[in-house]
Structure formats: structure tokens, C-alpha cells
Amino acid sequence: MLNIKNAFRLFSGRQDKKVKGPKKYFCPICESSVRKWRPGRDGRQKMFCPECSSKPRQRMVWLALQDPTLAPTWCRDSKLLHIAPEPCLMEQFERSQGENYFPGDLNADRPGVRHAFAVGDIPFPDSAFDVIICNHVLEHVDDDRRAMSEFARVLKMNGLALITVPIDRTLSSTYEDFTITSPEERTLHFGRHDHVRKFGIDVQQRLSTPELRLISLYPKDLAPRDATRFGLRSHERLLVGCKRPAVIPASA
């Protein structure tokens, strides 16, 4: 029986072609081999995994945790605070960390969230977590430095913070203006209606704290041979901090 869909193909001369060719890409999160990355809903090449919907920044975080030089103590017993948790990572961490996994968000109705709070006021005691993951959140937060101080407070000594934010590489310093409040103006100035700043290339220095000094890692640092295969963007930065005792300058 010829249905409407098949009739359209027949009379229009259009034939759907299946994507063929080798599966040359690999998602390290869901461990799927893929032929090509999926674009975003707006058509932009955002390099989503077609299986788990992971993005390059999430794959970078995952690779960092699997690197024994960066995360030597990462294990099932590690307590993980995941800010604004993404489903592709949440599924993995729910399985691997169990009760040691703490997904938190400002929105208590977000699926999978167990703890609702603002990152400037984290409701956990000092030195509670081994790892904090925070992807593309701080551009939404009025006081990003206070949030970083809270991260440092709730991290255990030698704990690890893995942070990404959108960075405008044309800006030498971060641009913010708190007189800009309307969604239209924020979109014009910061790129999105709910952003309150554009981070510049000073982001590493801006977000570092006395106890949590950040370094910048790029795909070539995390996967020197497989960055393209893993669908990583060469310019994307992962900010990594390991909590250390604050250095107090000697008095004169």
C-alpha cells in the first residue's frame, strides 16, 4: 500500500539517502561510535552526540575526570557536586557515584535535581566535596566571584573544580554592566537574554581564588591524538582548579 509519505517521494523524485560511511567519531561519555555530530535545534553546528546529546564541553569534563594525572583520587567514593546537571553526565554519575552524587540547581523542578540553591549560597558544610562540576552557569550569576569562593569553601583540600563558561576571545577583559537589565539589552550586549556578562580572556585570573587557583586546559591537553574524534573544539577552554591552602603573604 502506497502511503502519503512514499507517494511524495515517488512523484517528487526525491529519495531519502541513509548516511553511509565509517563511524569516524566517538563519544567518550556514552561510548558510542557515530558518523557525524548532530546540530542544534537552531541549525548551528553545536556538535551534539546523536546518542546521549552531549556537547563538546561536557565531553571535555568527562575526559578530565578519566585522566589520572588530573583526577588521581576520582573513584566511586568521591563526593560530586554537579551544578545545573546535564542529563548526559547525570545518567553516568547516578550510576557511578550513587549516594555520593549531589545534583543541584536554582530550579528545584529541573529533572533529576535533588538540591535547590543559588551558587552564591551553597547549603553544604565546609570541605564537603571531592569534585565540583559547573558548566556554563557563571555567566548567569550576578556575583560570579562569590560563587567561586563558595566552591572553594565546600571543596575538600586537594578537591577538584571543573568549570566552563562561554568566552569571547576578542575581549581582553570581562564585560559586565549591571545597569543593563532588560532581556533585549542583555541579548544585545551579552549574547543571551539571561546572561549578565561576557567573559573575556582574563577569565582564568578573574575566577581564581586564594585557595582555588585555576589553570586552563584545551582539547590538545586532554586528548592530543583524539580531539577531533571526540568532537572537541580546539579553542574551548576547561578551567581546572585544585584546592590548596591559601598563601598568606609575609608581613613587611
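Residues numbered from 1 in each chain as written. Predicted model: local features only at pLDDT ≥ 70, side-chain atom pairs only at ≥ 80, totals over all residues. Heavy atoms only, no water.

## So, the nonpolar core
Counting residues in hydrophobic clusters, the biggest one holds 35 residues, and the most contacted among them are Leu-65, Phe-93, Ile-133, Leu-162 and Leu-238. Those elements giving two or more residues to this core turn out to be strand E1 (25–27), helix H2 (56–66), helix H3 (87–97), strand E6 (129–135), strand E7 (155–164) and strand E11 (238–242). The contact partners of Leu-238, leaving out residues within four places of it in the chain, are Met-60, Val-61, Ala-64, Leu-162, Ile-163, Thr-164, Ile-215, Ser-216, Leu-217 and Leu-222. With 30 residues, the next largest nonpolar core counts Ile-83, Cys-134, Met-148 and Leu-212 among its residues. (Core = buried A, V, L, I, M, F, W, Y, C linked by side-chain atoms within 4.5 Å. Buried < 20%, exposed > 50% of the residue type's maximum accessible area, 1.4 Å probe, protein only. Helix = DSSP H or I, 4+ residues; strand = E, 2+ residues; numbered from the N terminus. Contact = heavy atoms within 4.5 Å.)

## What to know about the environment of Asp-126
Mapped onto the elements, Asp-126 comes out in the loop between strand E5 (115–116) and E6. Separated by 29 residues in the primary sequence, Asp-126 and Leu-155 place their C-alpha atoms 7.0 Å from one another. When residues no more than four places from it in sequence are discounted, the contact partners of Asp-126 are Arg-153 and Val-154. A distance of 2.8 Å separates the side chain of Asp-126 from the side chain of Arg-153, its partner in a polar contact. (Polar contact = N/O pair within 3.5 Å; in protein donor to acceptor, adjacent residues only side chain to side chain.)

## A few points about unusual backbone geometry
Most peptide bonds are trans, and most residues other than glycine sit at a negative phi. One non-glycine residue, Ser-53, lies in the positive phi region at around 65°. Assignment of secondary structure puts Ser-53 in the loop between strand E2 (32–34) and H2. On the basis of relative accessible area, Ser-53 is assigned to the partly exposed category, the value being 33%. Of note in this structure, Ser-127 is not a glycine but carries a positive phi near 55°.

## Details of the packing of aromatic side chains
Scanning the entire structure with this criterion turns up 10 aromatic pairs. Centre to centre, the rings of Phe-102 and Phe-124 are 5.7 Å apart; their planes meet at 80°, and the pair counts as edge-to-face. Remark: Phe-124 occurs in the loop between E5 and E6 and Phe-102 occurs in strand E4 (residues 101–105); sequence separation between them is 22 residues. Pair check on accessibility: Phe-102 and Phe-124 agree, each one buried. By the ring-pair criterion, three or more aromatic residues cluster together here, those being Trp-62, Trp-74, Phe-93 and Tyr-101. Above the ring of Trp-37, the side-chain terminus of Arg-59 is found at 4.1 Å from the ring centroid. (Phe/Tyr/Trp six-rings, centres within 6.5 Å; stacked < 30°, edge-to-face > 60°. Lys NZ or Arg CZ within 6 Å of the ring centre and 35° of its normal.)

## As for the sheet that holds E11
Pairing is mixed across the open sheet formed by 7 strands, whose spatial order is E5-E4-E3-E6-E7-E11-E10. Pairing within the sheet leaves two strands with one partner each, and these edge strands are E5 and strand E10 (214–217). Pairing geometry for strand E3 (residues 80–83) and E6, over 4 bridges, is parallel. Considered in E6, the bridge of Leu-80 is made with Val-131. Of the strands in this sheet, E3, E6, E7 and E10 are in contact with helix H4 (residues 144–154), which crosses E7 at around 145°. (Pairing = 2+ DSSP bridges. Axes fitted to C-alpha atoms, helices over the stretch in contact; angles between N-to-C directions.)

## Section: the side chain of Glu-150
Position of Glu-150 relative to the elements: it lies in helix H4. Exposure remark for Glu-150: the relative accessible area of 11% places this residue in the buried category. Setting aside its immediate chain neighbours within four residues, Glu-150 contacts Val-119, Gly-120, Asp-121 and Ile-122.

## A few points about the layout of surface pockets
Of the voids in this model, the second largest pocket is the one considered here, and its volume is about 290 Å³. Around the second largest pocket sit 20 residues that line it, and Leu-70, Asn-158, Gly-159, Leu-160 and Cys-242 are the ones nearest its centre. Mapped by element, the contributors of at least two residues to the lining of the second largest pocket are E6, E7 and E11. Here the lining of the second largest pocket takes 5 residues from E7, the largest share from any one element. Its residues assigned to classes, the lining of the second largest pocket shows 10 nonpolar, 6 polar and 4 charged. (1 Å grid on protein atoms, 1.4 Å probe; cavity = no way out; pocket = protein on both sides within 12 Å on 5 of 7 lines; lining within 4 Å. Points joined across faces, edges and corners; volume = space filled by probe spheres on them. Nonpolar A, V, L, I, M, F, W, Y, C, P; charged D, E, K, R; others polar.)

## A short note on the pattern of salt bridges
When charged atoms on two side chains of opposite charge get close, those side chains can pair. Applying the stated criterion to the full structure yields 15 salt bridges. A salt bridge links Lys-156 to Asp-130, with the nearest nitrogen and oxygen atoms 3.4 Å apart. Taken as a pair, Lys-156 in strand E7 and Asp-130 in strand E6 lie far apart in primary sequence, 26 residues in all. When the shortest N-O distance is used, the salt bridge between Glu-176 and Arg-197 registers 2.8 Å. Of the two residues, Glu-176 sits in strand E8 (residues 175–176) while Arg-197 sits in strand E9 (residues 197–198), which places them 21 residues apart along the sequence. Taking the relative accessible area as the measure of exposure, Arg-197 reaches 1% and is therefore buried. Here the salt bridges share partners, and the residues they tie into one network are Asp-144, Glu-176, Arg-197 and Arg-206. (Salt bridge = Lys/Arg side-chain N within 4 Å of Asp/Glu carboxyl O.)

Just geometry here; none of it tells us what the structure is for.
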